[in-house]
Structures are given as structure tokens and as C-alpha cells.
Amino acid sequence: MASGDDDDPIIQEFDVYLAKSLADKLYLFQYPVRPSTMTYDDATHLSAKIKPKQQKVELEVAMNTMSPNYCRSKGEQIALNVDGTTCEESNLYSVKMMDKQTLTSIQATTDTSRYAAAIFRKGEFHLTPLQGILQMRPSFSYLDKADTKHREREAANEAGGDSSQDEAEEDTKQVTVRFSRPESEQARQRRVQSYEFLQKKQAEEPWAHLHYHGIKDGRSEHERQYLFCQNMGATESTELVKTPSEYLAMLMPPVTEEKIVRPSGPSNVLSMAQLRTLPLGDQVKTLMKNVKVMPFANLMGLLAPGTDSTAVLRCIQQVAMLVQGNWVVKSDVLYPKSSCSPHSGVPAEVLCRGRDFVMWRFTQERSIMRKEVAAVIKLPPEDVKDFLEQMAVPRVNRGWEFALPSDREFVKKHPDVAQRQSMLWLGIQAKLEKVFNFSKEDFAPKKDSQAEPVHVSGEQRLKAAREGARDQQASLQKDLDTRRKGPASGSKAAAAAAASSGSAPAIRVKQEPLSDSEEPMDTTSDASAIPNGSVNGYPGSPDPQNGHAAPGPELQDFVRTTFRRHFVLTLSEVKRLLNLHLAALPPGRCSLGTVSDRALQDAILVNQCKQILVPFPPQIRAASDEQKVFALWESGETFDRYRQILFELFMKNYRVRRNLVQSRLTQELGDNVTKSDVDRLLKDCCVSQGGMWYLKGTMLS
């Protein structure tokens, strides 16, 4: 203002007044779903009500049922659904037609201290502070009422049909009486912050009914006069008279006094931006409390770039324990003192001991059984399941397996940390042994001669067979020559050979003379190793081509029937169905005995089935039996070609989309492929999730 060449000249000056007559009663209504040219000014307002504390308003507005834009049939149908056919005073629509709608408000903002309504008159500017800013939108609560009415009718119909039986069967019923525990302070705070409690509190405030006056009504004109300052003296406008320093402080308040209103959200949700404003120790603790189990590499990826790994290692050891190379949050972090179980009310100290036992068991084995854990820690099943779900995943017939693969790289890279954690686990183990009265040997795996089979490669087997044949060739040739000369001399030679080798006396077997065209039977295999005289665990004749027994007829009948019913099965599912089949047979009717995996796979392949080599992604953790997928390739039906095309797609990808299947069928078989054919094909062989189709049994986690 002091400079002569001012680029911002003053055009006009006028007085500003602050009106307070309607300061605590003035609301601004917005209608965001209506254009500004379509106001409710000329509409008939039937009723109005308000909840002042919640700043909630409801307006009932009449609808023009004679308008060409109004669908009369829809209006009658809605009224019929809401009120039914009866005429009662409680009906929402009295004329059997939807002739009104309700507008319900929501708060546009919770802080209205910066908003005011202004009116300009005769060079005077009058401001009135706003009490609230509300957005009015149509309410569809009548749909809820229609749904409730429909349920009441169904219940009435069911009750009417069974009323005679209810009267006849009326009898005394057992009543379970439960006594609630005293509510803790933490539980009370959770209850007060819950959505159900807030809804209940809001419903407790009564409605205050209002009278609506139109914009041109005399009462409205009278109330608008209160928008002007009633006292034009200086005492009324002192709040607008400020010194330059005070005015500057109002325009630019100090940073320390600035209050940022963050949007309300769940207490356990924290954005990454907010997380990185915390100290490093709190960041690690917050992440571990939310994730429960995490590799160290993943933890470093969640922290800010450039974070010192040594400092992170120091922090994580305070809130987590090392289990199979991965970090699992400590029990006392999840269950602090003075807290209790949300399921059973068990104190935090008991929960920590039980969860520490579960963690210690996973330091010993990959999988544990839930019933063994429950038998030791003796906690309610809900708490035991909660412990296991935090760090493990259930596996069929294997109990609960640790959620993450062992991180051996971390153990190799940080041996000092691994050694320190091992010492801590020894201390925890000693404490748990005293509390639960067990020893480590109680959980040691039972030693079995067949527990850990020795894996021998094909080359090693071939080499051993050649060496054995070379060692026995001379004795076999000598025995053959002796047997051809005569039975008597053969017997003596055999006895002499047995005596010279120091072996036990052989069983006496009747000898038959051999013709020149016959060859001796190979007796080098150990018949005693074959169970019940069967080969590979089930009866069948030897197959000279592959060297093992062919599948028996009963096993082949089971496989043939099963695959014509299911079309696609994994090896683990076939084994499960076979066990169910054997269990359903009467005693003494089963001649299968023990069926090996090799025999079962052979039976599948000889019955017009084929193994589908599904390319599972590496992140899918599944047993080998779950990744062996077999499908019915030929059944003599014309639909075989449809299935074969589908299986060829799954040999390229473990999941496909429906449009890809349909386009491939159309490409191979022409335009004769119908939608019902595709539906039948996918229903027979696949399951769907998230818009993708998987072969049955291959939709693994």
C-alpha cells in the first residue's frame, strides 16, 4: 500500500457485521443428486424431523404421481411389497401407490467453524455462522421394510402349516443358564468403540418433529430477517475488529496450534506413510503384531529404503523369536499383561505359556498335531486354533504345517543371531518342561526301520544288479550243469555247495528232469519279502515288460468306475476314495491287500486315463500326490474330444479363463460348440474361483 504504483487498488469498501440470532440453528442443505435447476422448493413437504445432537434430518416429500415420468405399475408394486394387501394405519403408503419419498441427511463436514452464510444489503455485509452442513439424499429404507414383510409372511405360512404339530409336540425344553464374567476395562473400551454400540446410542436420541414452511411463506420471510445483524452498535461487531497482528495470526496460525483432523478408521489399520513416521522399534513392533510371521528379507522390504539391517536385527529380537529361520512375534507382545483371551477369557499369562509351547514345537518339527498340543497346554479349542492359525496352515493327514519355508539363508548369514536365539529357546524349553511336566523325548519321532527310506538312483541299481549277476554266474552255471547230469549228483553237488558256503541246510525240493529246450527258473529274488505271496502288495501276474505285477481286476474295476464318475482326480484324491471304498466293503470281501502308489498309478494308466502335467507355479506348496493329476482320456463317447482339448490347455497353464476354453473348442471343433457343451465340460472337470477355472483338485493355496 505504501508504494505509489499499486497493482491491487481498492475498488469498494463496505462494513461487515456478524449476526448471531441464528448462529446455533442455521443449517445449510445440499442436494448432490439433483441438478440446481430441479429444486424441491415447489414440492409438497409432508413432514420433517431432526436429531440435533447428531445433526440428522429427515424430510418426507410428496411425489407427482401424475407426471409422465412416473411409472404407475412400479409404484403400485413397491407399495404392495411394503404394505401388503391389508389396509392398516401403519401402512407406509396409504393410497396403495408409492406417492412419497424420504430424504435423509449426512454430514458433509464435522468442522463448520470456517463456514458462514452471508447476505448483502445496502452496502452492508452480514455473516451468520453455520451450525452444520448437511447433504440430503433419497432413503431406501422402504426396501428393508419390504424384505422384513416378506420374511414375516414366510414365517407365518410355515407356522400355520405346523401349528397342529407344535400343539401336539409341546413339551418341556432344557434351558441353559450362563453367567457373564465381569467386564474388563479393555473389553468395555472395545464395546464402546464398536459399530453396534454407536448405532444403539444414535437410536436412543429421540426425533424432534418440525413444521416445514416454504420459501415464500410469511414465517420464512420473518426468519430471514434474523440473518441481518440486529444491533448495529460497536458492541455487536467487536469480534470483527482486530489489530493487524491478530488478523495476521488468524490468517496464518502458528504451526504448533494447527490441528489435523484425520479420517476415522479401524484402530488396527496404519498406513505406510504413518508407519514410517514412528521410531524404528515401533515400526518393527507394529509390523510383527499385524503379520505375526515374517522372513527378515520381507521385513526389510517393508521398511524405508536405506534402513540399517543391524539396527533392525537389534529391534526385532526384542519383539520376535526365530523359528525355522523366520521371525514369529513374541507371545507377550500379542497378549500384554492385564489382557485376556477374546474367546474364553483366559488370562494373558496362561495364553503366553500355551503359545510359547506351540512356537517351541515348530522349532523341532515342520508339522504338529493339534490334539497333541491341546493335550499338553489344556486350553480351550478356540485359543489353540488361534495359536496355530497365527503361524501355521492345516494340511490333510499331516496336522498343522509351519506357514513359511525354512529360511536357511538367514541362519547362514547371521549365525550369531541364530546361536543367541537357540540359547533363548533352551531356556524357554526348560521353563515349559517344568510348567507342563513333559520332556523333549516325549515328542521325539518314533524310530522305525522304514521311517526314512533310502533313495537309490537307477544307475546304482543297475550297477548292483550287474555285480550280483557276475558273482553268481559261476555258481549258477555249475549248478545248471550238475542238474542236467542227474538228480542224484545234482543233490549232492547242491548239498556240498551249501556246506562249503556255510549256509543253513536248504529245504528239500523234488527235482524234475529238464528237457534240452527248457531253461532253469531264476530264483535269485527273495520270495519272503513279498507280502502274502503277492507282488507289489496286491495279487497279480508279473509283467515281463516293466518288471512288476500288473493291476488286479478288482483294482481296475474301481479305477474305471471312479474316473467315469469324476473324470479328473489327483493321486491323493484317488487314494482317499480307494480307502473309503475298502472301508465300505464287508469283512472278508476285500482281496486287494495293500496297494502301492506304483500299482495304483499303473491301474489308472491302463484304463484309458492319462497323467496331465499341470505346470504349477513355484509359490504353490503342495505334496507330490497333490501335483499328480490324472484324467479320463478316452471313454468311447463323442465328448472325449472336448475333454482332450481342455486337458491340453491345462498342460500349458494351471488355470484358464472360460473364453479361452470356448475359443479353443470352436477353433478345433467348429461352430457346433454350444454354451451348454462348455458348461457341461467345465462342470465335469473344473472348479472356478475369481473368474479363473482350475482342474479339480489343483486349486491349491
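The rules behind the values
- Residues numbered from 1 in each chain as written.
- Predicted model: local features only at pLDDT ≥ 70, side-chain atom pairs only at ≥ 80, totals over all residues.
- Heavy atoms only, no water.
- Helix = DSSP H or I, 4+ residues; strand = E, 2+ residues; numbered from the N terminus.
- Buried < 20%, exposed > 50% of the residue type's maximum accessible area, 1.4 Å probe, protein only.
- Contact = heavy atoms within 4.5 Å.
- Phe/Tyr/Trp six-rings, centres within 6.5 Å; stacked < 30°, edge-to-face > 60°.
- Lys NZ or Arg CZ within 6 Å of the ring centre and 35° of its normal.
- Pairing = 2+ DSSP bridges.
- Axes fitted to C-alpha atoms, helices over the stretch in contact; angles between N-to-C directions.
- Parallel < 35°, antiparallel > 145°, perpendicular 65-115°, else oblique.
- Left-handed = near helix turned anticlockwise from the far one by under 90°.
- Nonpolar A, V, L, I, M, F, W, Y, C, P; charged D, E, K, R; others polar.
- pLDDT = per-residue confidence, 0-100.
- Disulfide = S-S within 2.5 Å.
- Salt bridge = Lys/Arg side-chain N within 4 Å of Asp/Glu carboxyl O.
- Core = buried A, V, L, I, M, F, W, Y, C linked by side-chain atoms within 4.5 Å.
- Patch = residues over 30% accessible without salt bridge, like charges linked within 9 Å, V, L, I, M, F, W, Y side chains within 5 Å.
- Areas by Shrake-Rupley, 256 points an atom, 1.4 Å probe, with all protein chains shown as cover.

Caption draft 1: Quick peek at the overall build of the chain. The number of helices and strands found in the chain is 26 helices and 20 strands. The buried share among the 701 residues of the chain stands at 29%. Sequence separation of 24 or more characterises 65% of the internal contacts of the chain that already satisfy a separation of 6 or more.

Caption draft 2: Representation of the packing of aromatic side chains in the model. What the rule picks out here adds up to 16 aromatic pairs. Ring geometry for Phe120 against Phe125: centres 6.3 Å apart, planes inclined by 50°, an arrangement best described as tilted. For Phe125, a relative accessible area of 25% puts it in the partly exposed group. Here the aromatic rings of Phe140 and Tyr142 are separated by 6.2 Å at their centres, their planes lie at 55°, and the arrangement is tilted. Positioned above the aromatic ring of Trp633, the side-chain terminus of Lys610 is 4.3 Å from the ring centre.

Caption draft 3: The sheet that holds strand 12 (residues 326-329), seen in detail. Here three strands make up an open sheet; going across it, the order is 10-12-11 and the pairing antiparallel. Two strands bound the open sheet, and with one partner strand each, they are strand 10 (293-294) and strand 11 (320-323). Where strand 11 lies against strand 12, four bridges are found, and the strand directions are antiparallel. Bridge pairing in strand 12 links Leu322 to Trp327.

Caption draft 4: The packing of helix 24 (residues 640-650) against helix 25 (residues 658-669), seen in detail. Close contact between helix 24 and helix 25 brings their axes to 10 Å; oriented N to C, the two are set at 125°. Taken together, the axes of helix 24 and helix 25 are oblique relative to one another. Considering how the two elements wind past one another, helix 24 and helix 25 form a crossing that is right-handed. Residue-level inspection shows Arg641, Tyr642, Ile645, Leu646, Glu648 and Leu649 of helix 24 in contact with helix 25, the latter providing Leu660, Val661, Arg664, Leu665, Glu668 and Leu669. Across the contact of helix 24 with helix 25, the residue classes tally to eight nonpolar, no polar and four charged.

Caption draft 5: Inspection of the confidence of the model for the chain at higher detail. Put simply, the chain has an average pLDDT of 78, and 77% of its residues get 70 or more. Within the chain, strand 12 carries the highest mean pLDDT (94), whereas helix 19 (residues 487-501) carries the lowest (45). This model gives residues 162-169 a pLDDT under 50, and the stretch forms zero contacts once residues within four places in sequence are excluded. Scored below 50 in pLDDT, residues 257-261 shows zero contacts in the model against residues more than four places distant or in partner chains.

Caption draft 6: Structural detail: the side chain of Gln421. With respect to the element layout, Gln421 can be found in helix 17 (residues 415-436). Classification of Gln421 as buried rests on a relative accessible area of 1%. With residues near it in sequence (within four places) discarded, Gln421 still touches Gln317, Ala320, Met321, Leu322 and Trp327.

Caption draft 7: Layout of the sheet that holds strand 13 (residues 367-368). Spatial strand order, 13-15-14: three strands in an open sheet with antiparallel pairing. The strands lining the two open edges of the sheet, one partner per strand, are strand 13 and strand 14 (392-395). Bridge analysis of strand 14 against strand 15 (residues 399-402) gives four bridges, and the strand direction is antiparallel. By the bridge assignment, Pro394 is partnered in strand 15 with Trp400.

Caption draft 8: Representation of the state of the cysteines in the model. Counting across every chain of the model gives zero disulfides. No disulfide involves Cys685; its sulfur sits 5.8 Å from that of Cys686, the nearest cysteine.

Caption draft 9: Geometry of the pattern of salt bridges. Across all of its chains, the model carries 25 salt bridges by this definition. Of the charged contacts, one joins Glu372 and Arg361 as a salt bridge, the two residues approaching to 3.7 Å between their closest N and O atoms. With Glu372 in helix 14 (residues 370-377) and Arg361 in helix 13 (residues 348-364), this pair connects stretches of sequence that are eleven residues apart. You can call Arg361 buried: its relative accessible area is 3%.

Caption draft 10: Spotlight on the nonpolar core. Grouped together as the largest cluster of nonpolar side chains are 52 residues, with contacts concentrated most on Met288, Trp327, Phe357 and Phe362. Per-element accounting of this core gives the leading share, eight residues, to helix 13. Ranked by size, the runner-up nonpolar core spans 47 residues in total, among them Ile612, Ile620, Val656 and Cys686.

Caption draft 11: Quick look at the pairing of strand 8 (residues 132-138). Across the seven residues that make up strand 8, a large majority, five, are buried. Both strand 2 (residues 27-30) and strand 8 contribute to a ladder of four bridges, which runs parallel. If you follow Tyr27 over to strand 8, its bridge partner there is Gly132. Here five bridges tie strand 5 (residues 100-107) to strand 8, and the two strands are oriented antiparallel to one another. Looking across to strand 8, one finds that Ile106 is bridged to Gln135.

Caption draft 12: Up close: helix 22 (residues 597-605). Ala599, Leu600, Gln601, Asp602, Ala603 and Ile604 are the residues of helix 22 that are buried. Where the residues of helix 22 are buried, they touch helix 20 (553-566), helix 21 (571-584), strand 17 (609-612) and strand 18 (629-632).

Caption draft 13: Spatial organisation of the environment of Val346. Relative to the elements of secondary structure, Val346 occurs in the loop between helix 12 (331-334) and helix 13. Each C-alpha atom, one on Val346 and one on Asp383, is 8.9 Å from the other, the two residues being 37 residues apart in sequence. Each residue touching Val346, except ones within four places of it in the same chain, is listed here: Cys340, Ser341, Leu351, Leu379, Pro380 and Asp383.

Caption draft 14: Representation of the packing of helix 25 against helix 26 (residues 675-685) within the structure. In the contact formed by helix 25 and helix 26, the axes pass within 11 Å of each other and the chain directions differ by 120°. Taken together, helix 25 and helix 26 sit at an angle that is classed as oblique. Classified by chirality, the crossing of helix 26 by helix 25 is right-handed. Touching Arg658, Val661, Gln662 and Leu665 of helix 25 are Lys675, Val678, Asp679, Leu681 and Leu682, all from helix 26. Here the residues of the contact of helix 25 with helix 26 sort into five nonpolar, one polar and three charged.

Caption draft 15: Region of interest: the environment of Leu303. With respect to the helices, strands and loops of the structure, Leu303 is situated in the loop between helix 10 (296-302) and helix 11 (309-319). Given the relative accessible area of 3%, Leu303 is considered buried. Between the C-alpha atoms of Leu303 and Leu275, which are 28 residues apart in sequence, the distance is 8.9 Å.

Caption draft 16: Inspection of the pairing of strand 3 (residues 45-51) at higher detail. The pairing of strand 3 with strand 4 (residues 56-62) spans six bridges and is antiparallel. Within strand 4, the position partnered with His45 by the bridge is Val61. Count of turn residues in the strand 3/strand 4 antiparallel hairpin: four residues, of which Gln55 carries a positive phi of about 55°. Bridge analysis of strand 3 against strand 9 (residues 208-210) gives three bridges, and the strand direction is antiparallel. Counted as the bridge partner of Ile50 is Ala208 from strand 9.

Caption draft 17: Highlighting a nonpolar patch on the surface. A surface patch of nonpolar side chains, amounting to about 480 Å² of accessible area, comprises Tyr247, Leu248, Leu251 and Met252. By the element assignment, Met252 lies in the loop between helix 7 (244-251) and helix 8 (272-275).

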